[in-house]
Structure formats: structure tokens, C-alpha cells
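# Structure at a glance
Listed below are the residues making up each chain.
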Amino acid sequence: MNIIEINNLSHRFADGTVGLENINLCISEGAFVVIAGPNGSGKTTLLKHLNGLLLPTKGVVRLSGVSVAKNLAWSRQMVGMVFQDADSQIVGETVSDDVAFGPENLCLDRDDVKRRVARALETVGLHHYKDQKPHLLSGGEKRRLAIAGILAMEPKVLVFDEPFSSLDYPGVKQILAQMISLHQAGHTILVAAHDLEKLIAHTDRLIIMQDGGIVRDGLPSQLLWELEAFGIREPCASRLGMKVHSWLN
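My aim in this report is to walk through the structure given alongside it, one point at a time. (Residues numbered from 1 in each chain as written. Predicted model: local features only at pLDDT ≥ 70, side-chain atom pairs only at ≥ 80, totals over all residues. Heavy atoms only, no water.)

## Some remarks on the nonpolar core
Formed by 48 residues in total, the largest nonpolar core has its most connected members in Phe160, Val191, Leu196, Leu199 and Leu206. Ranked by size, the runner-up nonpolar core spans 26 residues in total, among them Leu9, Val33, Met81 and Leu190. (Core = buried A, V, L, I, M, F, W, Y, C linked by side-chain atoms within 4.5 Å. Buried < 20%, exposed > 50% of the residue type's maximum accessible area, 1.4 Å probe, protein only.)

This is the structure:
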């Protein structure tokens, strides 16, 4: 079953710049998909259409058969997006307050908000920091907090934009483990990345973008050797003719 269906999607920015050109794409429920491409290829622009942060100039995006443009509030509950800059998503005075922000804006009753916050913080391993001030967290912990804030909205799809940017090695491992755990729990995962070294061992589909269009779409193992032609670094193990292993091993 397809949870995301994109038909003839094009986007022009206000200055006339082409962001996307005639994108056609279906994502099955429960998939783990990486969208790769150099800066400016259209990755983030595409992902922002999934919950209506950007709206199409032409074409339509549907979630479970429902148009995103016609159901923005619902779409933003269905698709949670974790941005490259985690600090931009942190708004609460405490970790708990921050996670509660989204559910409170849904006008849920107090007990339901508390339940969602507790479950989200437990999922990302930050429950013991619930009274901590967010700015005191490490980079990896801040990104996990951003994930918790999204999880509290109970989305079906989780979208990550360059999730390992500016993280040290322990932080990368924390976020990678979190993403894998969420996928195993049944979430559909989409990740925009230009460095595939950390991710590719866990994904079941690789989409390559260039100049606002999709140029390749298939199994990662079949596309690794084409990456360099599109300005994407091929994983070191693959270059040496070896299998790419998980960073968590």
C-alpha cells in the first residue's frame, strides 16, 4: 500500500527559480527511503511538500489518498519533519515543555498530552532529562528531542533532512539507532542526505535527485556505483568492492 503518492509535481520559487520539475513518486507504507543528491538538487524542497510546508506550483501530493494541499493540518500530523538545525524546532523552556508544544496545539486534554510526552521521551531515551533546559543538551540529544516533539504528534511518516549534520560520532550513532528503531516500530522513514556512508546499510530504496528531478530510483546495492556521476560520494567499502556494513556494528 502506498502511503505517499506524488503526481506531476513541479515547484517554482517566487523569484522564478525551478525547485522541482515533474516529480512522479510513490512510497509504500513502512519503507525506509534515502533521497540523495548534492546541495541544490531539490531534496529538501521535495520533502517540504509532504506536509505542506511548500505547496505545488503544479501537480498533487497525496497521503493515504488524501491531498496534502487540501488538508494541511491533518497532513502535518501525518508527516513529521526533523530539520537539519534541531535548535530551530526547540521552543519549550524544559525538555518536557518542548515535547508538549505540538499536542497542546491540537487542543488535546491534559492527560492525553502527558501520555504522549512521556511515551515520546521514553522512546528517544530522554525521559530522565524531562526537567532539563534544552539548551544544555548535546547536539545528538537536541536532535533526539526534536524527534520526540514529532513523535508526540503520532505521525505515520518521519522525514529527516540531513540528520547527521554537525554531529560527532556518538551523536551520529544515537540518531542512526533511533531512526532504525522507529522504522522497526512501523514508521515510514524518508531521509535526505548527501553522505550515504552512515545510512545505506539500513535502507531499502535509494532515490537520486539532480536539478530538481529524479534521475535514479532503485535498490541501493544496484545504484552505489552510479553515485559519483551525480556528485555523491560513494561509500568507502563500496569503492573497495566490499559490502557496506552498519555503523552500529
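## Digging into the packing of helix 3 (residues 95-105) against helix 4 (residues 110-124)
Where helix 3 meets helix 4, the closest approach of the two axes is 9 Å, and the angle between their N-to-C directions is 125°. The pairing of helix 3 with helix 4 is recorded here as oblique in orientation. For helix 3 against helix 4, the interelement crossing comes out right-handed. When helix 3 is examined against helix 4, the residues Val95, Ser96, Val99, Ala100, Pro103 and Glu104 are found in contact with a partner set consisting of Val113, Arg116, Val117, Ala120 and Leu121. Tallied by class, the residues present in the contact of helix 3 with helix 4 amount to eight nonpolar, one polar and two charged. (Axes fitted to C-alpha atoms, helices over the stretch in contact; angles between N-to-C directions. Helix = DSSP H or I, 4+ residues; strand = E, 2+ residues; numbered from the N terminus. Parallel < 35°, antiparallel > 145°, perpendicular 65-115°, else oblique. Left-handed = near helix turned anticlockwise from the far one by under 90°. Contact = heavy atoms within 4.5 Å. Nonpolar A, V, L, I, M, F, W, Y, C, P; charged D, E, K, R; others polar.)

## Comments concerning unusual backbone geometry
Despite not being glycine, Asn8 shows a phi value in the positive range, around 50°. The partly exposed category is assigned to Asn8, whose relative accessible area is 39%.

## Focus on the packing of aromatic side chains
Applying the stated criterion across every chain yields a total of one aromatic pair. Ring centres 5.6 Å apart and planes at 55° place the aromatic pair Tyr169 and Trp247 in the tilted group. Of this pair, Tyr169 sits in helix 6 (residues 169-184) while Trp247 sits in the segment after helix 8 (236-239); the two residues are 78 residues apart in sequence, bridging distant segments of the chain. Judged by relative accessible area, which is 46%, Tyr169 ranks as partly exposed. (Phe/Tyr/Trp six-rings, centres within 6.5 Å; stacked < 30°, edge-to-face > 60°.)

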